[in-house]
Amino acid sequence: MSDKKTLLRQAAKPTLFLLTFIFVCAFLAHYLTGDETLLEYAKNNPELAYGTQDGASADIADNLSEKESTQSVDSALSETTPVSPSEESDKPSIDTGYDNSVTPDKSSAYTDVKDHIADVPAEYPANQGDDAAEPAEEPVMMTEHPDRITYEEGFYYEPLTEEVKERITGISYPESGCTVPYEDLNYVGLKYIDFDGQEQIGELICNKAIAQDMVEIFHTLYQNDYRLESVRLIDEYNGDDTASMAENNTSCFNYRVVDGTTSLSKHAYGLAIDVNPYYNPYVVFGRNNDGSDYISPPGSEIYADRSQSFAYKIDENDLCYRLFTEHGFTWGGNWNSTKDYQHFQKTLK
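What counts as what
Residues numbered from 1 in each chain as written. Predicted model: local features only at pLDDT ≥ 70, side-chain atom pairs only at ≥ 80, totals over all residues. Heavy atoms only, no water. Pairing = 2+ DSSP bridges. Helix = DSSP H or I, 4+ residues; strand = E, 2+ residues; numbered from the N terminus. Axes fitted to C-alpha atoms, helices over the stretch in contact; angles between N-to-C directions. Salt bridge = Lys/Arg side-chain N within 4 Å of Asp/Glu carboxyl O. Buried < 20%, exposed > 50% of the residue type's maximum accessible area, 1.4 Å probe, protein only. Phe/Tyr/Trp six-rings, centres within 6.5 Å; stacked < 30°, edge-to-face > 60°. Lys NZ or Arg CZ within 6 Å of the ring centre and 35° of its normal.

Participant: What's the story with the sheet that holds strand β1 (residues 149-152) in this structure? I'm lost.
Facilitator: Strands sit in the order β1-β2-β3-β4 across an open sheet of 4 strands; the sheet is antiparallel. One side of each edge strand has no neighbouring strand; the edge strands of this open sheet are β1 and β4 (199-207). If you compare each strand with its neighbour and ignore which way they point, the axes differ by 20 degrees on average. Two elements, β1 and strand β2 (residues 155-159), share 3 bridges in a ladder whose sense is antiparallel. Its bridge partner being in β2, Ile149 is matched across the sheet by Tyr157.

The following block contains the structure:
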């Protein structure tokens, strides 16, 4: 009997060596070339990765711990995959009013139309040229203010900390001449779902009078998988509103005038917000020298045609429109000589 076991062990050695050799080759072919991670290969080929051909191999792959099956992150602001409304019963299901399955391409041929858009005078703070700073990879981790008010996990607002004041002073908040005191503003932290369906951390600065509105609205948008491409402070774009819009960044406070005028914008008071602005442009009828419409940001001209159907379009059937108007905001898309489809603002009583 012992001789038989010895023979079986000796016979198994070449098989084990062969399986190990195949797995190493597969690792080099897939993992090192970047086509497939080692974990993904192991889960897709369990009979090779785990040296077995029975049904238990699939169970081994599926039962890997969360720590082993996720990539490490560099900070607490890492991206995570959200639970969809259909998978979490306590999240209300609300029709968002559009199909997120197709994302319009901002690099399409329509971007060449920007060459025909009239320039806005350089003295307007809303247009600071091409020298705007590139946005950060992700929002900076902020120190918690002792008076922070948390609405739901990841959704809060608080007075401006010294750290936040330092970030915005000289950019969205002028070093001198600003008529809005720091004390009138709040920092808002929030979560949102980006165009890839991934959970992200966002931040806004708004008037303290609408801070509660902001966390309530963005929490409902988040619960209903409403897509936002970016939610960063305008300071990440050197205070350049046009640069922020071109990157489809959702933003609120910026002490500036209305584009093309000398009047302070509602944004200067932190009482207005622009949502997915690239797909919901600012339009002034007949403003250009040739009598054509002025459309901003450059490249978004095709989205000024609101008779068309496309993703991220804000109209009166859109969830974003419904939430903001329910909270007492007015929509720029309802204006007459000007249409600001991205814009919601609130007037204090």
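That covers the picture; the talk isn't over yet.
Participant: Which parts of the structure should I look at to understand the pattern of salt bridges?
Facilitator: Side chains that differ in charge, positive against negative, can pair when their charged atoms come close. Inspection of every chain in the model, using the stated rule, returns 8 salt bridges. In this structure, Lys165 and Glu162 form a salt bridge, with 3.2 Å as the shortest nitrogen-oxygen distance. Here Lys165 pairs with Glu162, and both are found in helix α6 (residues 162-168), just 3 residues apart, close to one helical turn. Its relative accessible area of 59% is what places Glu162 among the exposed residues. In this structure, Arg227 and Asp225 form a salt bridge, with 3.0 Å as the shortest nitrogen-oxygen distance. Among the charged side chains, a salt-bridge network with shared partners connects Glu144, Arg148 and Glu158.

Participant: Sorry, what's going on with the packing of aromatic side chains here?
Facilitator: Two aromatic rings are characterised by how far apart their centres lie and by the angle between their planes. Applying the stated criterion to the full structure yields 17 aromatic pairs. Relative to Tyr182, the ring of Tyr173 lies with its centre 4.1 Å away and its plane at 15 degrees, an arrangement referred to as stacked. Residue Tyr182 is classed as partly exposed on the basis of its relative accessible area of 21%. Ring plane angle 80 degrees and centroid distance 6.3 Å describe the contact between Tyr282 and Tyr294, whose orientation is recorded as edge-to-face. Highlighted residues: Tyr282 in strand β8 (residues 282-284) and Tyr294 in strand β9 (residues 294-296), separated in sequence by 12 residues. In this pair, the class of Tyr282 matches that of Tyr294, namely buried. The positively charged end of Arg148 is found above the aromatic ring belonging to Tyr156, 3.6 Å away from the centroid. The side chain of Arg287 reaches across the aromatic face of Tyr294, ending 4.0 Å from its centre.

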